[in-house]
Amino acid sequence: MASLYVSDLDGTLLRSDETTSEYTNAVINSLTEKGMIFSYATARSFVTAKKVTGGIRVAIPLIVYNGAFVMDNVTEEILLASYFDETVCSLLDDLFAHEVYPIVYAYIDGVEKFSFVPDLCSRGMRAFLKSRKGDVRTNAVADLADLKRGKIFYITCIGEPHRLKPLYDTWKDRYHCVYQTDIYTNEQWFEIMPESVSKANAAKRLQKLLGCDKLIAFGDGKNDIDLFEIADESYAVENAHEELKKKATAVILSNEEDGVAKWLARNYDGMP
């Protein structure tokens, strides 16, 4: 019986400095060479996920943007994708009406971009954009209408809870929304994706694509709950959100203690 092992990145596989340890790299590289089928599911883009997992050699598809895309880790080809339909314009108009001006991810003329209006960025957005300095996807625009261009697949709002929470309550039943505090900056994030998008849906599709009979998941945040609910086994790191721990098969060592890698080293036996 082949198993697919899927780990979240931030707060789970990554340490607080946004890196994987040499130990984690060595364990995962060694076990994948022996046949372990390992992937990760992250809210990060393919670009930033690859950057922080540079020490891991995984030649299978990866789940990025919270499940909006499944991408080939070698060719960088998009294998599975989900985009908003035309109703996204009404969503954006509502955000604008409430003085929330997001970062919008889209394919514009066939090229991936994240667009924003510099003069309308919140403090948290400016900090995020500073951390992405030099990113080729950066697309500063002058007009809100430009945020509606292209094939939109992901929307990120960073700001004050009193502005974002009412919008989350309004749209959470129409789209897949994630409302949580960023573990690195303590800023409030409100992320919006097409309704069908989730780590769970992407993992199930990847599981089918790879022909695996069993799904084993690792995570730390509330956005991992749906993944845990469909996994055959699920493991929350010690630093995980309490709601996720309640959904887990068991709680393992924290991300700072290489919890995922130590669990894999102890439990993966290489048998089909």
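The structure under discussion appears in the preceding block.
Residues numbered from 1 in each chain as written. Predicted model: local features only at pLDDT ≥ 70, side-chain atom pairs only at ≥ 80, totals over all residues. Heavy atoms only, no water.

Caption draft 1: Geometry of the overall build of the protein. Scanning the protein from N- to C-terminus turns up 10 helices and 14 strands. Its C-alpha radius of gyration of 18 Å places the protein within 12% of the 19 Å reference for a compact globule of 272 residues. Of the roughly 12400 Å² of accessible surface on the protein, 48% is carried by carbon and sulfur atoms. When the 31 positive and 41 negative side-chain charges of the protein are each reduced to one mean point, those points stand 1 Å apart. (Helix = DSSP H or I, 4+ residues; strand = E, 2+ residues; numbered from the N terminus. Rg over C-alpha atoms; globule rule 2.2 N^0.38 Å. Areas by Shrake-Rupley, 256 points an atom, 1.4 Å probe, with all protein chains shown as cover. Lys, Arg positive; Asp, Glu negative; His and termini not counted. Charge placed at Lys NZ, Arg CZ, Asp CG, Glu CD.)

Caption draft 2: Spotlight on the pattern of salt bridges. Under the criterion given, the structure shown has 19 salt bridges. A salt bridge links Lys-199 to Asp-8; the shortest N-O distance between them is 3.0 Å. Here Asp-8 lies in the loop between strand 1 (3-7) and helix 1 (9-13) and Lys-199 lies in helix 7 (residues 199-210), a separation of 191 residues in the sequence. Accessibility expressed as a relative area gives 1% for Lys-199, which makes it buried. Arg-15 is the salt-bridge partner of Asp-17, the closest N and O atoms lying 3.8 Å from each other. Asp-17 gets classed as partly exposed once you look at its relative accessible area, which sits at 46%. Residue Arg-15 is classed as partly exposed on the basis of its relative accessible area of 25%. It is possible to trace a salt-bridge network through shared partners that takes in Asp-8, Lys-199 and Asp-224. (Salt bridge = Lys/Arg side-chain N within 4 Å of Asp/Glu carboxyl O. Buried < 20%, exposed > 50% of the residue type's maximum accessible area, 1.4 Å probe, protein only.)

Caption draft 3: Structural context of the packing of helix 2 (residues 22-33) against helix 10 (residues 259-267). Contact geometry of helix 2 with helix 10 gives a least axis separation of 9 Å together with a crossing angle of 35 degrees. As for how helix 2 packs across helix 10, the hand of that crossing is left-handed. From helix 2, Tyr-23, Thr-24, Val-27, Ile-28 and Leu-31 reach across to helix 10, where they touch Ala-261, Lys-262, Leu-264 and Ala-265. Looking at side-chain class alone, the contact of helix 2 with helix 10 contains seven nonpolar, one polar and one charged residues. (Axes fitted to C-alpha atoms, helices over the stretch in contact; angles between N-to-C directions. Left-handed = near helix turned anticlockwise from the far one by under 90°. Contact = heavy atoms within 4.5 Å. Nonpolar A, V, L, I, M, F, W, Y, C, P; charged D, E, K, R; others polar.)

Caption draft 4: View of the packing of aromatic side chains. Taken as a whole and assessed by the stated rule, the structure comprises 24 aromatic pairs. When the centroid spacing of 6.5 Å and the interplanar angle of 55 degrees are considered together, the rings of Tyr-5 and Trp-263 count as tilted. Taken as a pair, Tyr-5 in strand 1 and Trp-263 in helix 10 lie far apart in primary sequence, 258 residues in all. Exposure remark for Tyr-5: the relative accessible area of 7% places this residue in the buried category. Pairing Tyr-5 with Tyr-268 gives two aromatic rings, centres 5.9 Å apart and planes at 80 degrees, and the pair type is edge-to-face. (Phe/Tyr/Trp six-rings, centres within 6.5 Å; stacked < 30°, edge-to-face > 60°.)

Caption draft 5: Fine view of helix 5 (residues 123-131). Turning to helix 5, its buried residues are Gly-124, Met-125, Phe-128 and Leu-129. Across the axial projection of helix 5, the buried residues extend over an arc of 135 degrees, all falling on one side. Looking at helix 5, the residues exposed on the side facing more than 90 degrees away from the buried face are Arg-123 and Lys-130. Structurally, helix 5 contributes buried residues whose contacts are with strand 6 (103-108), strand 7 (111-116), strand 9 (151-159) and strand 11 (188-193). (Arc of directions from axis to C-beta.)

Caption draft 6: Layout of the environment of Ala-140. Residue placement: Ala-140 occurs in strand 8 (residues 138-140). A C-alpha to C-alpha distance of 8.2 Å links Ala-140 and Phe-114, two positions 26 residues apart in sequence. If sequence neighbours within four positions are ignored, Ala-140 has contacts with Phe-116 and Pro-118.

Caption draft 7: Broad picture of helix 6 (residues 161-171). If you check which residues of helix 6 are buried, you get Leu-164, Leu-167, Tyr-168 and Trp-171. Viewed along the axis of helix 6, the buried residues span an arc of 105 degrees, placing them on a single side of the element. On the buried face of helix 6, the contacting elements are helix 4 (88-97), strand 9, strand 10 (176-181) and strand 11.

Caption draft 8: Quick look at the pairing of strand 11. Across the six residues that make up strand 11, a large majority, six, are buried. Alternating residues of strand 11 divide into Gln-188, Phe-190 and Ile-192 and Trp-189, Glu-191 and Met-193, and every residue in both groups is buried. The pairing of strand 9 with strand 11 spans five bridges and is antiparallel. The residue bridging Cys-157 from the neighbouring strand is Phe-190, located in strand 11. (Pairing = 2+ DSSP bridges.)

Caption draft 9: Fine view of the packing of helix 4 against helix 6. Packing of helix 4 against helix 6 brings their axes to within 11 Å, and their N-to-C directions diverge by 155 degrees. Here helix 4 lies roughly antiparallel to helix 6, going by the angle between them. Here the hand of the crossing between helix 4 and helix 6 comes out right-handed. Here Ser-90, Leu-91, Asp-94 and Leu-95 of helix 4 lie close against helix 6, whose contacting residues are Leu-167, Thr-170 and Trp-171. Its residues placed into classes, the contact of helix 4 with helix 6 shows four nonpolar, two polar and one charged. (Parallel < 35°, antiparallel > 145°, perpendicular 65-115°, else oblique.)

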